[in-house]
Amino acid sequence: MRNAKFKKRLGGDTMKRTNTWKKIVSVLLTVVICITIVGCGSSSQSGSSSGDSESNTVSTDGSGETYKDEIHIALNAAPPTLDLNNTTATVARQVAKGSIFEGLVTLTDDYGYAPELAESIDTNDDYTEYVYHLREGVKFHNGQEMKAEDVVASLNHWLDCYQDASDMVGGARFEAVDDYTVKINPTKSAMFFNELMAITSQGPIVFPASSLDSIDPETGLLTEYIGTGPYKFEEWAEDQYILLTKYDEYLPYGTQGELDGWSGYKEAYASKVYYDIVPDGATRVAGLQSGEYDFGMVLPNDNYDLFSSDEYTVYKDVTEQPGLIYNKKQGLATNQTLRQAINTALDMDQVMQAGYTSSDFYRLDSSYMFKEQASWYCTEGSDNYNVADTDKAKELLKEAGYNGETFRIIVSSDYSTFYNAAIMVESQLEAIGMDVELIVSDWATFLSNRADETAYDAFITSFDPVLTPTMFLPLSPTWAGWLDDEFIISGLDEINTATNMDDAVAKWAEVQKYCYDTYMPYSKFGDAFNYSVAGPNCKEVKYLMGPCAWNMKVVE
Amino acid sequence: MKKYIIKRILYIIPVFFVISVVVFLLIHLTPGDPARIILGDRATEAKVLELRETMGLNKPIVVQYVDWICGFFKGDWGQSVFMKGTMQEILLEHIKPTVSLSIYALLLALIFSIPLGTIAAKHRGSMADHAISVFSMFGISIPSFLMGLLLVLLMAVKLNILPSSGYKPIESGLLLHIKYLTLPAISLGLMEAGLITRMTRSALLEVLNADYIKMAKAKGVHPFVLTFKHAFRNALLPIITVIGYSFIDLLSGAVVVESIFNIPGVGQLIINSIVRRDYQVIQAIVLVIAIMNVVINLLVDLIYGIADPRVRLDK
């Protein structure tokens, strides 16, 4: 009996503890489930995820449509800095140029230039004087009015940062004539100075003279980004986003509704623009499809078909021309005949297909200047482009005295297009009997190797469109590749100092022909496109080498 | 116990020095430098050299190391070339998302793995046991990036229930914070769940076969009490070990998952820093992770003592 009671009490105590434990576990599980459901449920209430933050609707164009107040553009890389004077990174320009910073002139749709902060420009006949009459009443983001002293300070800083610009004007400097006029007197004819100022990369920007005090002594870069554009720099959350906010005191120019390239009447429909930093291509694609991003930059070629429906708008841009640049300073490629042999062997269609997967993303074209740049486009020398003649290549190789030495090509694995093209180049050169070594590394190591003339015989990279042939890097004696041909150097100098366009264009045709027929500094593969996509709600996106945040309307 | 803790903390010092030298040499002897990355592809050699001089990259490597290590002890952990703020601020900004993600992933893993492992152990050989084994193998086998991509496709693109990517800090609201971390946490947590489930099952199986468990069963102890009070507590040690290592693994930065979901955590930071040769950041992260590793291992050892009083750490 006592045992039975003992057992019953023991069992009863055990039962009580068990019931208590069960209650605790049940409560905990319920709480966890509730949190998960509420957390998930809150997304469906707000619709797309980009609507989680504040999103007041605004209608500014009188059409009755309401637009999102906050837009998200997915960038494919993080800019190293927004100091455009000191970086050639495309993403830096895409974020800051035209939105935060403006220049005296800017780029038009036909790759020409148009006045922006300058109201008008006077030039003398021999291009040794440029006078810029500034627009009055333009305010910087700090509320200060833009005056000549600010323009002079900004542009002279640009000349200090950009050697090519300083060379073009022969060391001349900007001066203030009065509060709203600046001028520069190049020491030699500089017909393409305005084109240089409108360039896409490392172009001049105007900021308050006081911004020069913000330059970091360690890096030499601006640390405050104050411009005159329709958007002002608000915040940079590292590796997350760059936030621009509408500048209410922006002074537009031109005719409302008219844009020509990056110039024209700019309006900021959204009060916040988030440039989300999304390096992974698949993430950008998924984000665009789910509505997380309104615009996705540089999407993977393999996903092109996902955006073939009408709800998306695809922007295809000719963005680069990849090619094989020879080391003319040291090594095997100093032999001009060898360079001709290699160029003759290459089947550019196969190389471009290897790199860019589909003919939707490339075209074969011999011109160093893009077809879209009508003034400079020419086909001189095209007989020696895409020759793909292995027999002739072998003859030239023999003539060059090639004895089976290893031909070293450096390429970066960070760019799959270049790497894949390099594999094809390697196999084509091996087919004509060359011993080729591909040296593959990450981008930072590639840049380091490229600066060392003993490390390679050729490298693969690509070039953005430039406004004049004199800016074309493979023809620069100071850039990797180390061009050292007197005919080309003097020819480019003649172009730079020409006083009329016809002479300049004629000279360029001669130079390009010489490059293909004789000197062969560079074997161009072709022209490549990339594509970016606007989401279903994006209306009226102005696109020129990247979306323009101004005038972008995203419907709610 | 105190002696043991102090001794373990002191171990950090030699670990710190060895790692500092190794990581410093590895980074600085690797080709490439931040000056070229900042200036871009088109920069002239003269400009690059000028910037290298300004940044002090031309000093002898020993001088650079001494400058850095002395600064480190004075609280100056260096400056990022690409990011603003002190190193501590940068690291803190990036550690927060990783810590949140790690805790969330681990919690999700534990919520499923402990009960599942227990059920599998208790019903060994049954359909439930087999099903749970399949689940745990699935979790261990499937790469987290593949899981992540599938989840994004289903939950974000097709069903639009959860965001595809991005991160909202906790200051934006706890629920929003959790929402953005849910898919990455599931991607990461699945593998940890698989591991912990298997460890729980095997640890419990060993204990459930012990004589004292059979005695308690014979005495009529309720199965729930038998499992969770008697058996589970004794099986905890190996489970705690796995949980500890899982946490360290998660904190070191789930690079691929952070990349897919665009979470600005430690993993992304270290990859970006390596790509652009942000030396000071790489050095600081590696040191911090090494120290965290040592500290978490210490905590795991201390937890052993709490979970099992028979463990004497100071012997």
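Rules used in this analysis
- Residues numbered from 1 in each chain as written.
- Chains lettered and ligands numbered in written order.
- Predicted model: local features only at pLDDT ≥ 70, side-chain atom pairs only at ≥ 80, totals over all residues.
- Domains from an automatic or database assignment.
- Contact = placed C-beta atoms within 7 Å.
- Nonpolar A, V, L, I, M, F, W, Y, C, P; charged D, E, K, R; others polar.
- Helix = DSSP H or I, 4+ residues; strand = E, 2+ residues; numbered from the N terminus.
- Core = buried A, V, L, I, M, F, W, Y, C linked by C-beta atoms within 7 Å.
- Buried ≥ 20, exposed ≤ 12 C-beta atoms within 10 Å, placed from the backbone.
- Expected span 1.5 Å × (residues − 1).
- Bend = angle between axes of the 7 residues up to and from the residue.
- pLDDT = per-residue confidence, 0-100.
- Axes fitted to C-alpha atoms, helices over the stretch in contact; angles between N-to-C directions.
- Parallel < 35°, antiparallel > 145°, perpendicular 65-115°, else oblique.
- Left-handed = near helix turned anticlockwise from the far one by under 90°.
- Pairing = 2+ DSSP bridges.

### Re the domain arrangement of chain A
Residue and element names in this part refer to chain A. Each assigned domain of chain A is listed with its residue range as follows: domain 1 (70-312 + 535-554) and domain 2 (318-529). Computed from C-alpha atoms alone, the centre-to-centre distance between domain 1 and domain 2 is 30 Å. At the junction of the two partners, domain 1 supplies 20 residues and domain 2 supplies 21 residues. Residues of the side of domain 1 that touches domain 2, tallied by class, amount to 10 nonpolar, four polar and six charged.

### Points about the interface of chain B and chain A
Taken together, the contact between chain B and chain A spans 54 residues of the former and 51 residues of the latter. Secondary-structure elements contributing two or more residues to the side of chain B that touches chain A are helix H3 (34-39), helix H4 (45-54), helix H6 (87-122), helix H8 (144-158), helix H9 (174-208), helix H11 (223-251), helix H12 (255-260) and helix H13 (266-275) of chain B. Here the side of chain B that touches chain A takes five residues from H9 of chain B, the largest share from any one element. In the side of chain B that touches chain A, the residues fall into 30 nonpolar, 15 polar and nine charged.

### Focus: the nonpolar core
Ranked by size, the top nonpolar core spans 172 residues in total, and within it Ile73, Phe193, Val273 and Met552 of chain A together with Ala105 of chain B carry the most contacts. In terms of residue count, H9 of chain B provides more of this core than any other element does, 17 residues in total. Excluding anything up to four places from it in sequence, Phe193 of chain A contacts Tyr127, Tyr130, Met168, Val169 and Pro186 of chain A. Counting 64 residues, the second-largest nonpolar core is a separate cluster that includes Leu324, Ala345 and Ala480 of chain A together with Ile282 of chain B.

### Quick notes on H6 of chain B
Given a rise of 1.5 Å per residue, 36 residues ought to cover 52 Å, and the 50 Å separating the end C-alpha atoms of H6 of chain B matches this to within 8%. Its maximal kink placed at Ile95 of chain B, H6 of chain B deviates by approximately 25°, while the proline Pro97 of chain B follows within four residues.

### Considerations on the confidence of the model for chain B
In the predicted model, chain B carries a mean pLDDT of 86, and the fraction of residues at 70 or more is 97%. With a pTM of 0.82, the predicted complex shows an ipTM of 0.80.

### Topic: the packing of helix H12 (residues 486-496) of chain A against helix H13 (residues 501-519) of chain A
Residues and elements named next belong to chain A. It is the contact of H12 with H13, at a shortest axis distance of 9 Å, that shows an interaxial angle of 165°. On the basis of their axis angle, the class for H12 and H13 is roughly antiparallel. Every pair of crossing elements has a handedness; the one defined by H12 and H13 is left-handed. In contact with Phe487, Ile488, Gly491, Leu492, Glu494 and Ile495 of H12, H13 contributes Ala504, Lys507, Trp508, Glu510, Val511, Tyr514, Cys515 and Tyr519. Of the residues contributing to the contact of H12 with H13, the split by class is 10 nonpolar, one polar and three charged.

### Focus on the pairing of strand S14 (residues 313-326) of chain A
Residue and element names in this part refer to chain A. As defined by bridge partners, S14 adjoins strand S20 (residues 527-534) across seven bridges and the pair is classed as antiparallel. Bridging across to S20, Asp317 finds its partner in Asn530. In this structure, S14 lies alongside strand S18 (residues 458-463), joined through six bridges in antiparallel fashion. Bridge pairing in S18 links Tyr326 to Ala458.

### Some thoughts on unusual backbone geometry
Residue and element names in this part refer to chain A. In the Ramachandran plot, Asp239 falls in the positive-phi region, its phi being about 60° despite a non-glycine side chain. Assessed through the 25 C-beta atoms surrounding it within 10 Å, Asp239 is described here as buried. The backbone of Thr357 sits at a positive phi, close to 65°, despite the residue not being glycine. Relative to the helices and strands, Thr357 resides in the loop between helix H8 (348-356) and strand S15 (362-363).

### A word on the environment of Val255 of chain B
Residue and element names in this part refer to chain B. Its place among the elements puts Val255 in helix H12. When the 17 C-beta atoms within 10 Å are taken as the criterion, Val255 is described as partly exposed. Considering only alpha carbons, one finds Val255 and Phe232, 23 residues apart in sequence, at a separation of 34 Å. Those residues within four positions of Val255 in sequence are excluded, and the remaining contacts are Gly267, Gln268 and Ile271.

### Thoughts on the environment of Met55 of chain B
Within the secondary structure layout, Met55 of chain B lies in the loop between H4 and helix H5 (61-73). Sequence-wise, Met55 of chain B and Ala35 of chain B are 20 residues apart; in three dimensions their C-alpha atoms are separated by 8.0 Å.

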